[in-house]
Amino acid sequence: MPFHVEISAGFHRARVFNLSREDLITRVVGPWLEGRRIEMGDREWEPRTSSLKILEGPQMEQADLSFGQGWANAERGSENVTRSVLAAAPPPRVPDAFVVETDSPESLAADVVAGHEGRAIDWNEARERMDGRDPEIAAVILLLRRPGPEP
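Residues numbered from 1 in each chain as written. Predicted model: local features only at pLDDT ≥ 70, side-chain atom pairs only at ≥ 80, totals over all residues. Heavy atoms only, no water.

Peer 1: Please explain the overall build of the chain as it appears in this structure.
Peer 2: Helix and strand counts for the chain stand at six helices and eight strands. In sequence order, the chain lays out its α and β elements as β-β-α-β-β-β-α-α-β-α-β-α-α-β. For 151 residues, the compact-globule estimate of 2.2 N^0.38 gives 15 Å, and the chain exceeds it by more than 25% at 22 Å. With the principal axes as the frame, the chain shows a C-alpha extent of 75 × 30 × 25 Å. By the burial criterion, 28% of the 151 residues in the chain qualify as buried. Once local pairs closer than 6 in sequence are excluded, the contacts in the chain between residues at least 24 apart make up 63%. In the structure as shown, the chain presents an accessible area of about 10,600 Å², 51% of it carried by carbon and sulfur atoms. One way to put it: in the chain the 18 positive side-chain charges average out to a point 6 Å from where the 26 negative ones average out. (Helix = DSSP H or I, 4+ residues; strand = E, 2+ residues; numbered from the N terminus. Rg over C-alpha atoms; globule rule 2.2 N^0.38 Å. Buried < 20%, exposed > 50% of the residue type's maximum accessible area, 1.4 Å probe, protein only. Contact = heavy atoms within 4.5 Å. Areas by Shrake-Rupley, 256 points an atom, 1.4 Å probe, with all protein chains shown as cover. Lys, Arg positive; Asp, Glu negative; His and termini not counted. Charge placed at Lys NZ, Arg CZ, Asp CG, Glu CD.)

Written out as structure tokens, the structure is:
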């Protein structure tokens, strides 16, 4: 059976009908669980400030969706499966994170990137990629300068 989704925040809401399980997981549930923005309707939705409702029910035909009655029709003929779908979803994919304390972070960074076409990027770009959960990020390594002896 297809899934119907509503995301809302305050007075704003967006609804999508007739998603397959694969589309539901890829487009909604995965990003929701990872805390990533979800594009739906004409907006981007932040999971931490939005509500999610997932219904499972019969295919909604064009007649079911007309005159703005789609969601009411979906609610009448579907089951709210939000909790069970979120609980059964694969765990969010997050990159590994490491902290390394060293006397010379600059030297260690040079060793790590040597021979790997490493390049420095602006901190804002790095933060955007991490906040957006860029799927290309495999790991984040923080190199910390080991504290010196107390005077």
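Peer 1: What exactly am I supposed to notice about unusual backbone geometry here?
Peer 2: Most peptide bonds take the trans form, and the phi angle of most residues other than glycine is negative. Non-glycine residue Asn18 carries a positive phi angle of around 65°. Among the secondary structure elements, Asn18 is positioned in strand β2 (residues 12-19). We classify Asn18 as partly exposed; its relative accessible area is 24%. For Glu117, which is not glycine, the phi dihedral falls at a positive 55°. The residue Glu117 is located in the loop between α5 (105-113) and α6 (123-131) in this model. Look at Glu117 and you get exposed, because its relative accessible area is 79%.

Peer 1: What should I look at first to understand the sheet that holds strand β5 (residues 51-56) in this one?
Peer 2: One key point about sheets: their strands pair by backbone hydrogen bonds, in either a parallel or an antiparallel sense. Across the sheet, four strands lie side by side as β2-β1-β5-β6; this open sheet has antiparallel pairing. The open sheet terminates on both sides in strands that have one partner only, identified here as β2 and β6 (79-80). Of the strands in this sheet, β1 (3-9), β2 and β5 are in contact with helix α3 (residues 70-77), which crosses β5 at around 60°. (Pairing = 2+ DSSP bridges. Axes fitted to C-alpha atoms, helices over the stretch in contact; angles between N-to-C directions.)

Peer 1: Just checking my understanding: could you explain a nonpolar patch on the surface for this structure?
Peer 2: A surface patch of nonpolar side chains, amounting to about 340 Å² of accessible area, comprises Phe98, Val112, Val113 and Ile141. By the secondary structure assignment, Ile141 is in strand β8 (residues 139-145). Residue Ile141 is classed as partly exposed on the basis of its relative accessible area of 48%. (Patch = residues over 30% accessible without salt bridge, like charges linked within 9 Å, V, L, I, M, F, W, Y side chains within 5 Å. Salt bridge = Lys/Arg side-chain N within 4 Å of Asp/Glu carboxyl O.)

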